[in-house]
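Take a look at the letters that make up each chain.
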Amino acid sequence: HYFIQSNLSMSKTKEIPYIHHIYDGVPVPHFTPPERFEEIKNHHKSRNDDVFIATYQKCGTTWLQHIMNQLYDFPQGELEHINKSVPWLEEEKQSVIDNMKSPRLFKTHDKWSWVPKGEGVRYIYCMRNPKDAACSYYNHMAKVFTGHYNYHGSFDDFYNDVFMEPGNSEQGWYFDHVISWLEQKGNSNIHFLFFEDMVEDLDREIRRL
C-alpha cells in the first residue's frame, strides 16, 4: 500500500474536476466547509455514549444509519429524514449537535485522524469492495447529486481522475482512508464490518453490532 501511495502521489498532476472545498490538503464537499471541520476540532464535546458510523463515501453509510437508529430505538424521535435522526456531523450546525439527546448517533466520512475522540466513544467502520464503491461514487457524483458537484465526466474519467488519483477524492484517497482506520484494529471501541457481509447475512451482522 505505502509503495503504491508513494509512487502515485509523486505523479499527481490532475486537477480536481468537481466543485469542492479543501481541508487539510484534501477535497471535502462544498457544503461542509473547512471552517466547520475546524469548529468540530476546537469546540465539539464528545459524550461517553456517542456512536459514530464511519465510512468512505458510498460504503453503506445510510444503510447503517437506519439500522443503528432502530437498534437504539430512535433516540431523537422518529424524524422524517434519517440525516436529522443520525446527522452527518460535518454538515449539521454545532448548536444542533450540542442539543441532541443522548445517546447521539452520527455519520461521518472522516478518516481516523479527523474524527472526534473521547472516553467511551464508539465507532462502526464499514468497508466495501473498492470497485463497487467507485461505481456507486461515480453515480452519486455524476447522476444523482449533479447540482452539488457539476461533474460531467465519464466513468473512465472519474476512475482515473478522481477515484484513483491520490488527493482528488473527497476525504482523501480510498486506500488511505481504509488504512487509517485499520491501523486502529486493536481499539476495542471500533467495530469493523464489510458491506458485502451485510448483503450476505444481514441478521448475523446486526447481531454482531
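Residues numbered from 1 in each chain as written. Predicted model: local features only at pLDDT ≥ 70, side-chain atom pairs only at ≥ 80, totals over all residues. Heavy atoms only, no water.

Caption draft 1: Molecular detail of the confidence of the model for the protein. Mean pLDDT over the protein stands at 93; residues scoring 70 or higher make up 94%. Confidence drops under pLDDT 50 across residues 1-12; counting only partners more than four residues distant or on other chains, this segment forms 18 contacts. (pLDDT = per-residue confidence, 0-100. Contact = heavy atoms within 4.5 Å.)

Caption draft 2: Structural view of helix α2 (residues 34-43). P34, R36, F37 and I40 are the residues of α2 that are buried. Along the axis of α2, the buried residues cluster in a sector spanning 165°; they form a single face. Opposite its buried face, α2 presents the exposed residues E35, N42 and H43, each directed more than 90 degrees away. Looking at the buried residues of α2, the elements they touch are β1 (21-23), β2 (26-28) and α5 (94-98). (Buried < 20%, exposed > 50% of the residue type's maximum accessible area, 1.4 Å probe, protein only. Helix = DSSP H or I, 4+ residues; strand = E, 2+ residues; numbered from the N terminus. Arc of directions from axis to C-beta.)

Caption draft 3: Main features of helix α8 (residues 155-163). Along α8, the positions that sit buried rather than exposed are F158, V162 and F163. The buried residues of α8 occupy an angular sector of 70° when projected down its axis, which confines them to one face. At its buried positions, α8 is contacted by α6 (130-144) and α9 (174-182).

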